[in-house]
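Report on the structure
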Amino acid sequence: MADDPKKAVLELAGTKVEMPVKSGTIGPDVVDITKLYAQTGAFTFDPGFTSTAACESKITYIDGDEGVLLYRGYPIEQLAEHGDFLETCYLLYYGELPTPSQRKEFDKNITYHTMVHEQMTRFYQGFRRDAHPMAVMVAVVGAMSAFYHDSTDINDARQREIACHRMIAKLPTIAAMAYKYHIGQPFVYPQNSLSYAANFLRMCFAVPCEEYVVNPILARAMDRIFILHADHEQNASTSTVRLAGSSGANPFACIAAGIACLWGPAHGGANEAALEMLQQIGDPAKVPEFIAKVKDKTSHIRLMGFGHRVYKNYDPRAKIMQKTAHEVLTELGIKDDPLLEVARELEKAALSDQYFIERKLYPNVDFYSGIILRALGFPTSMFTVLFALARTVGWISQWKEMIEDPGQKIGRPRQLYTGSPKRDYVPLTMRGK
Ligand code: ACO
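Quantities reported herein were computed from a predicted structural model and do not represent experimental measurements. (Residues numbered from 1 in each chain as written. Predicted model: local features only at pLDDT ≥ 70, side-chain atom pairs only at ≥ 80, totals over all residues. Heavy atoms only, no water.)

Attention shifts here to the state of the cysteines. As enumerated under the stated definition, the model contains zero disulfides in all. Residue C89 stays outside any disulfide, its sulfur separated by 7.6 Å from that of C164, the closest cysteine. (Disulfide = S-S within 2.5 Å.)

We now examine the site of the ligand. Around the ligand, 21 residues are found, and the nearest of them are K297, R302, L303, R309 and Y355. Here a nitrogen atom of the ligand sits 3.2 Å away from a polar atom, N or O, in the main chain of A266. At 2.7 Å, a side-chain N or O of K297 approaches an oxygen atom of the ligand. Residue classes in the shell around the ligand are distributed as eleven nonpolar, five polar and five charged. (Near = heavy atom within 4 Å. Polar contact = N/O pair within 3.5 Å; in protein donor to acceptor, adjacent residues only side chain to side chain. Nonpolar A, V, L, I, M, F, W, Y, C, P; charged D, E, K, R; others polar.)

Moving on, we come to the sheet that holds strand β3 (residues 30–31). Strand order in the open sheet made by the three strands is β1-β2-β3, with antiparallel pairing throughout. On the outer flanks of this sheet lie β1 (7–12) and β3, each paired with one strand and no other. Two elements, strand β2 (residues 15–22) and β3, share two bridges in a ladder whose sense is antiparallel. Paired with K22 across the two strands is V30, which belongs to β3. (Pairing = 2+ DSSP bridges. Helix = DSSP H or I, 4+ residues; strand = E, 2+ residues; numbered from the N terminus.)

What follows concerns the side chain of D32. Mapped onto the fold, D32 is located in the loop between β3 and α1 (36–40). Taking relative accessible area as the criterion, D32 reaches 17% and is therefore assigned buried. A distance of 2.6 Å separates a polar atom in the side chain of D32 from a polar atom in the side chain of T34. Apart from the residues within four sequence positions on either side, D32 is in contact with M19, P20 and K22. (Buried < 20%, exposed > 50% of the residue type's maximum accessible area, 1.4 Å probe, protein only. Contact = heavy atoms within 4.5 Å.)

All right, on to the side chain of S397 then. Of note, S397 is situated in helix α18 (residues 383–403). With residues up to four places along the chain from it excluded, the contact list for S397 reads I59, L92 and Y93.

Now the structure itself:
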């Protein structure tokens, strides 16, 4: 780095290049390398983006060393304790907590967009019943662009806003329908008098032959899970949404791309994988054996729900999840959940083991979420769907921020080419046997 703290100097093949250093409000500075190629003919190389800031953003801040997560400056703990999901949605999308009248208007907008086009219900019937609900989500959310043409003009701010309201409002309906279709039960229409989370639980668990009364403690837990998953700055799925959107694709298609990325077990699919892992271990007494397998690199087994690209400390969301798991199990009268015992034992063993200490591996948001979701009645195949539902507001807020950025360009990474240099075509008859 140069003496001037706001400049970095790179020396490449005898040429010195000065690059500006930009500072955010908090967090690490960034070296602005946008002119590097023009000045030196070289690219930077950072597979996995471990040292690359791909955009400027005002939405979410993470301090991975301290275990801090802020949405628009507000600590996640305060939002989870005192706020609710719809307020969090408003905050993420518009940038400020709503006033009472803004809140009323927003709730109304969301509530009156919860039904989906009736023809969409027939779309589900094209899927096999045993289709993974995430496969259904990718397809149905992508198909929203075929149903809601009047909110696909990305250059119209009002259409962007309507697309946002539609997705926040309809994702629970679409997710609940994926679940109902999967288990062979009739779809349950949304109920406008219920809260966002309570309505979702009802659409998932009510059946036409019985009255369904939503347990407020469970609805609160569901709402909190949504808050905790609402955004997480430039993670893989959010970056996917931004990249898809950078070409001018419509918002529904971009969110479908985000859902596809989220599905992977290294990202949103980890909650499903974490619960399956706890089930396979099954008994706290087997934890040492499992930890030994994880540490043996030849086994290729990872402790799912542990480790994070950014958090090198306890994920603040995991702490809230652990507390919520306790509340839900108590409410449901589940005194000794063997999976919770396995999880606690695993956490204890890992946090005192050199392998995990040296690599700064701590529980992430997915370590305890599966225990809560299972207690609420969701099968593991729905876990990532719930994550997608909650993350939709983060994706759409990040997408909007990108579209409204005057300096926005199509995302187009470069590469270090290691394939064959130029060579001449060889006719088939001259290529040996
Ligand atoms: N179990 C065992 N070892 C691990 C784990 C884990 N869960 N996570 C990382 N490590 C080890 C790696 O083997 C590596 O060891 P090495 O230095 O000896 O090679 C070291 O820790 C660094 O790991 P990387 O994979 O390089 O770290 P990266 O930042 O690329 O990966 C990730 C982060 C993908 C989250 C990883 O920790 C992981 O696979 N965790 C399990 C899956 C999971 O829970 N994902 C959810 C993430 S949160 C979310 O998306 C909602």
